[in-house]
Amino acid sequence: MTWSPLLWLIPAVYLLFVAAEFVVLTQIALTLTAAGASTLAVGAVASAFWAGIFVASLTAHAAVQHMGHARSFLVAITASSLAVASLLPHEAYAGRLAAGVLMGLGGGLLWVSGEAWLAEAAPRERRGLLIGLFETSVGLGMLAGPALLPLSIQLGWSPLGVGLALMLCCLVCAWPLRRVVEPPQAAAAAGEAAAVGWRALALPLVAVAAAGGLMESGVSSLLPSISMRLGFSLEAAAWLGAVIGAGSAFMQAPFGALADRLGLRPVMALAWALVLLATLSLGLWAAQPQQVLWLAGFVLGGVGGAVYTLVVIELGHRLTGAALVRAMGLLVTAYTAGTVGGPALGGWLFDIGGLQLLAAAMGLCGAVGAVQAWRALRSPRGG
């Protein structure tokens, strides 16, 4: 098999996988809520899922080095499928927590392995577009999963059964990848040794990814709730959440294509300029937020994700083999940390200082991200 099928099979698998995870997680959350569980109990399941991703991101490089990308894919999907299947015969809370952790472990391994594999396999001149399409598939999966829940209920299907069916479809789609010839371990180790100073490259970019995670997750989790506190109706707040999600899903491929055409440095500069303009507008129009929340939410949700996409493209340009997998693991760890911390920190800032303080903090975060991006991309290889 040539590399060509790999370039579309990985995004296709990811779309199905993320949709499966999110239909299952949404079903668990709603079922627990309907049963009278506390918000803490519902949130703990989501935290268990992200904790699994966090642990997997720290250890994925060792798993990929031992098994290779293709076997890592199959193991990750199998583990997540077993986690979903384990939910079918019972409604025990401890079992749901355990399933959340196992799904997160599988998802984290698939995330790191898939991004590293695609970044290395993609032709340099099309790497930006292909990675952007990969990130778009993730966003579409996060949109499709919750949307499948009411549809499956309306059709009389079990949402958990739908999630398991999607996981099995992932397994079928990923099965041909085992025939892809991967570089031997000796060559991968040589690639790591050749990537001199990869930590010096990766660590500033990891900081950029963490800032992007803070932006994207903080905005998507908080702005709909904040908009209701500022006078939006429940329906309008829900639509604002959809607008933010659309930005996160659909701005990745255009930014990736721009990076292919113009180079990474100008496109990264454009991304952070948009972030700073959006946060400035939130601060200036804090007294009349209805005028800016829609556009600012779309930009912040989308550009936060685009920054992460650009970082993945840069690592794919500069690193190969085990060094690339290790750097991707650090990247996912940082982004996950930003995802965990962003909503809580943003909510606290809004409670004590309103929209102006939150906008100022996001602007500061954007400035830090811009400085870190400049440090990482200032060499000629960055463009």
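Computed from a predicted model, the values in this text were never measured in an experiment.

In this structure, what is going on with the nonpolar core? I would like to understand it.
Core analysis: the biggest nonpolar cluster contains 112 residues, and M268, L310, L315 and M328 have the highest contact counts within it. If we skip the residues at most four places from it in the chain, M268 touches V208, V307, L310, V311, A373 and L377.

How do you make sense of a nonpolar patch on the surface when you look at a structure like this?
Taken together, F54, V55, L58, L82, V101, L102 and L105 make up a surface patch of nonpolar side chains, about 530 Å² in accessible area. Elements represented by at least two residues in the nonpolar patch include exactly helix 2 (39–87) and helix 3 (93–121). Sorting elements by how many residues they give to the nonpolar patch places helix 2 first, with four residues. What makes L105 partly exposed here is its relative accessible area of 31%.

Would you mind going over helix 4 (residues 127–154) with me for this structure?
The periodicity of an α-helix, 3.6 residues per turn, causes residues three or four positions apart to be oriented the same way. Relative to the 40 Å expected for 28 residues at 1.5 Å per residue, helix 4 spans 41 Å between its end C-alpha atoms, a close match to the ideal helical length. In the stretch just after helix 4, G156 is the one whose phi turns positive, near 80 degrees.

How do you make sense of the packing of aromatic side chains when you look at a structure like this?
Each aromatic ring pair is summarised here by two numbers: the centre-to-centre distance and the angle between the ring planes. Using the criterion set out here, one finds eight aromatic pairs in the structure. Ring centres of Y308 and Y335 lie 4.7 Å apart, and the angle between their planes is 55 degrees; this geometry places the pair in the tilted category. Taken together, the residues span a long stretch of sequence, with Y308 in helix 11 (residues 293–318) and Y335 in helix 12 (residues 321–377) at a distance of 27 residues. Relative accessible area serves as the criterion here: at 3%, Y308 is assigned to the buried category. By way of ring pairs, the aromatic residues F22, F49 and W50 are connected into one cluster.

Rules of the game
- Residues numbered from 1 in each chain as written.
- Predicted model: local features only at pLDDT ≥ 70, side-chain atom pairs only at ≥ 80, totals over all residues.
- Heavy atoms only, no water.
- Core = buried A, V, L, I, M, F, W, Y, C linked by side-chain atoms within 4.5 Å.
- Buried < 20%, exposed > 50% of the residue type's maximum accessible area, 1.4 Å probe, protein only.
- Contact = heavy atoms within 4.5 Å.
- Patch = residues over 30% accessible without salt bridge, like charges linked within 9 Å, V, L, I, M, F, W, Y side chains within 5 Å.
- Areas by Shrake-Rupley, 256 points an atom, 1.4 Å probe, with all protein chains shown as cover.
- Salt bridge = Lys/Arg side-chain N within 4 Å of Asp/Glu carboxyl O.
- Helix = DSSP H or I, 4+ residues; strand = E, 2+ residues; numbered from the N terminus.
- Expected span 1.5 Å × (residues − 1).
- Phe/Tyr/Trp six-rings, centres within 6.5 Å; stacked < 30°, edge-to-face > 60°.

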